[in-house]
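Spelled out, the chains give:
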Amino acid sequence: MNILYFSWGENSMHDFTHTLTALGHNVCIIRAVIQNYLSDPKLTASLETKLQSSSFHFIFSFNYIPFLSQLAEQYQINYVSWVYDCPHWTLYSPTIQSNRNIIFLFDKDMLHTVTALGAKHAYHLPLACNTARLSKLLHLSEFPFDREYEDDISFVGTLYEHTQLNHVQFLPAHVKGYVDGILASQKQIWGCNLTEPLLTTDLVQKLQKYIKLDVDPNCPIPARAVFQHFILAKITSYERISYLTSLARHYPVSLYSASNAQLCPNAAYKGTVSYQDQMPFVFYKSKINLNISLRSITSGIPLRALDIMGCGGFLLTNYQPELAEFFEAGRDFVFYDNLTDLIQKAGYYLSHDKEREQIAASGYQKVKALFSYQTQVKQILTHVSSMI
């Protein structure tokens, strides 16, 4: 098949396009910076020129881009998107209802939302990891293997310190108290989204009086969904900062981030690392790789978890329903229930090298077998072929 691949700078372009080529397909890559995901006339004109000069079976992009859906509708070809951001606001665009869309979502809860919004061809598909490329980069051999560790415990990611709720100047005491109650309740539970049902219509209306939302009418995102994200991002920020700070009081913790290092003064701040060339070595060489999921990912397996295991790293993470569905806790990875449990398990696995390496090896083999780009791309192409 001939595929028009639109790249906006995502990290997964090389792995995805290399897989398509290896499977015998022709890929034309268009790289561009998007000015507006809903409407970009200049970029649209450039893409039209390409669509008029060549014949394509479908357009592809990571994440859903409404103006690509409109182009596909105009030229009567399919538009395939694979969503790996959560939340992903463009899914609220009315273009989602086009019969030309084929949408893959890594989170089952997102799939339910998109289906309710009128998407006709939406499917659940976990994300992928290119273990073949990573193995070559890291010079991995058969597991178990010898390696030198750089970090005892590492965390790669943002601290979300600029979450919107941190900038709210005023809320009446009764409204703030209710929001604080939601925050406190949700902090106690992973794998179950309490925020959505607790955000009542009355509370949403009260919040709208004090927090002005800038919502594009061409993408009518419900206020409830926006406020839910504000709360979940606030919880994520709190957990990442407090967990890392507390953990670093007991064991050496390295923080790889562009966030403010002073927020976690006990951790060793090591700046940012590139996704393709540096981050894999962090995951491979750290004794423990910590994942603290963005709370808006209520069901799916975060890409970070797959990347860690796909590099042969030991994963210590919060509970995620789909992670527990595809992997075996205690065999492929380890999850913690709360801060106390995190500290205890970190200490245990730092002092049990063989057990830790066996779990890392098992997680690697599971990712290699079930979540390769070959496996996931073939699923995408099967769905697309049935609609051509």
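Below or above, wherever it landed, is the structure these notes cover. Everything quoted here is computed from the prediction, not taken from an experiment. (Residues numbered from 1 in each chain as written. Predicted model: local features only at pLDDT ≥ 70, side-chain atom pairs only at ≥ 80, totals over all residues. Heavy atoms only, no water.)

## Overview of the nonpolar core
Counted only if it meets this: Nonpolar cores were defined as sets of buried Ala, Val, Leu, Ile, Met, Phe, Trp, Tyr and Cys residues, with membership established by side-chain atoms within 4.5 Å. We call a residue buried when its accessible area falls under 20% of the maximum for its residue type, exposed when it is over 50%, and partly exposed in between, using a 1.4 Å probe and counting protein chains only.
Ranked by size, the top nonpolar core spans 76 residues in total, and within it Phe-16 and Trp-82 carry the most contacts. One finds Ile-241, Tyr-243, Val-253 and Ile-359 within the second-largest nonpolar core, a separate group that totals 27 residues.

## Section: the environment of Val-80
What counts, and what does not: Secondary structure counts use DSSP, requiring at least four H or I residues in a row for a helix and at least two E residues in a row for a strand, with both numbered from the N terminus. Note on contacts: a residue pair qualifies if any of its non-hydrogen atoms lie within 4.5 Å across the two residues.
Tracing the backbone through its elements, the reader meets Val-80 in strand β4 (residues 78-83). As for Val-80 and His-121, which are separated by 41 residues in sequence, their C-alpha atoms are 9.8 Å apart. In this view, Val-80 contacts Phe-58, Ile-59, Phe-60, Ser-61, Ile-102, Phe-104, Ile-380 and Val-384; residues no more than four positions away in its chain are not counted.

## Structural notes on helix α15 (residues 373-385)
Helical periodicity: at 3.6 residues per turn, an α-helix aligns residues three or four positions apart in one direction. Which entries qualify depends on this criterion: One less than the residue count of a helix, multiplied by 1.5 Å, gives the span that helix is expected to have. Within this analysis, the arc is defined by the directions that extend from the helix axis to the C-beta atoms.
In this model α15 runs 18 Å from its N-terminal to its C-terminal C-alpha over 13 residues, within 8% of the 18 Å that 1.5 Å per residue would give. For α15, the full list of buried residues reads Tyr-373, Gln-376, Val-377, Ile-380, Leu-381 and Val-384. On an axial view of α15, the arc spanned by its buried residues comes to 135 degrees, and they lie on one face. Looking at the buried positions of α15, the neighbouring elements they touch are α1 (13-22), β3 (58-62), β4, β5 (101-105) and α14 (353-370).

## A word on the pairing of strand β2 (residues 26-31)
The side chains of a regular strand alternate between the sheet's two faces. Selection rule: Here the rule is simple: two strands pair whenever DSSP picks up at least two bridges between them. Whether a crossover is right-handed comes down to one check: with the strands pointing away from the viewer, does the path from the first strand over the helix to the second run clockwise; if it does, it is right-handed.
Relative to β2, strand β1 (residues 2-7) is paired through six bridges, and the arrangement is parallel. From the neighbouring strand, Leu-4 faces β2, where its bridge partner is Cys-28. The handedness of the β1 to β2 crossover, carried by α1, is right-handed.

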